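Fold and contact review
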Amino acid sequence: LHRQAEQTCRQLVRTQEEHEHLLQAAVEQAEGLEHNLRSAEAVLAERAAQLKDAQAQLSRNKLLIKDLCEENRGFAMALQAAELKQKSTEEKNQLLEEQASALKQLIGKITPASLSG
């Protein structure tokens, strides 16, 4: 009975040691997982910050594009006004050239008549 008690005691000690090893392995595994989780959280936080910066830059770019579109509209209107003014000036110039030609013809007709008369 004494030997059986000693065997049972040794068996219990071995079982306890195995449980302690398993517990230690589980603790180490949990610590490793916790470390991995912290690393993943840090990577996600960094990526979130990058995405936030990119979103802010995108918003600024959208505003710049909107401003450029408005400025472009203004330039287009100014160009259209300049083209209309140029067309009007060309028409006036054509009319002045026609008047100058008519005056030259009239002077040409008057001059020989006044020289002979």
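These numbers come from a predicted model, not from an experiment.

This part covers the overall build of the protein chain. Regarding its fold elements, the protein chain presents one helix and zero strands. Relative to the compact-globule value of 13 Å for 117 residues, the protein chain shows a C-alpha radius of gyration of 49 Å, a clear excess of over 25%. Overall size of the protein chain, expressed as C-alpha extent along the three principal axes, is 170 × 15 × 15 Å. Scored against the burial criterion, the 117 residues of the protein chain give a buried share of 0%. Roughly 11,000 Å² of accessible area belongs to the protein chain as shown, and the carbon and sulfur atoms make up 60% of that amount.

Moving on: a nonpolar patch on the surface. Residues Leu103, Leu106, Ile107 and Ile110 make up a contiguous nonpolar surface patch of about 390 Å² in total accessible area. Looking at the element boundaries, Leu103 is found in helix H1 (residues 2-116).

Moving on, we come to the UniProt feature "coiled-coil region" (unreviewed entry) in the protein chain. Per the UniProt record, the feature "coiled-coil region" (unreviewed entry) sits at residues 16-106. For the annotated span residues 16-106, helix accounts for 100% and strand for 0% of the residues, and the straight-line distance between the end C-alpha atoms is 132 Å.

Take the pattern of salt bridges next. Using the criterion set out here, one finds one salt bridge in the structure. Note that Arg38 and Glu34 form a salt bridge whose closest N and O atoms lie 3.0 Å from each other. On the criterion of helical spacing, the pair formed by Arg38 and Glu34 is a turn pair, its members being four residues apart in helix H1. Take Arg38: its relative accessible area is 46%, and that puts it in the partly exposed class. Given a relative accessible area of 43%, Glu34 falls into the partly exposed group.

Along the polypeptide, Ser39 turns up in helix H1. The spacing of Ser39 and Ala76 is 37 residues in sequence and 54 Å in space, taken between C-alpha atoms.

Reading the values: the criteria
Counting from 1, residues in each chain are numbered in the order their sequence is written. A pLDDT threshold of at least 70 governs which residues receive local features in this predicted model, and a stricter bar of 80 or more applies before side-chain atom pairs are shown or counted, although totals over entire chains, interfaces and linings include all residues. Side-chain figures throughout are based on the complete set of non-hydrogen atoms in the structure, without hydrogens or water. Numbering of helices and strands runs from the N terminus; a helix is a DSSP stretch of H or I covering at least four residues, while a strand is a stretch of E covering at least two. Computation of the radius of gyration draws on C-alpha atoms, with the globule rule given as 2.2 Å multiplied by the number of residues to the power 0.38. Burial here depends on accessible area, computed with a 1.4 Å probe over protein chains only, as a share of the maximum for the residue type. Under 20% is buried, over 50% is exposed, and the range in between is partly exposed. Residue exposure ignores everything except the shown protein chains as possible cover, and the areas themselves are Shrake-Rupley values with a 1.4 Å probe. Nonpolar side chains (Val, Leu, Ile, Met, Phe, Trp, Tyr) are joined into patches within 5 Å and like charges within 9 Å, using only residues with over 30% relative accessible area and no salt bridge. The rule for a salt bridge is simple: a side-chain nitrogen of Lys or Arg has to be within 4 Å of a carboxyl oxygen of Asp or Glu. UniProt positions are given in the numbering used here, feature names are shortened, and annotations may be inferred rather than shown by experiment.

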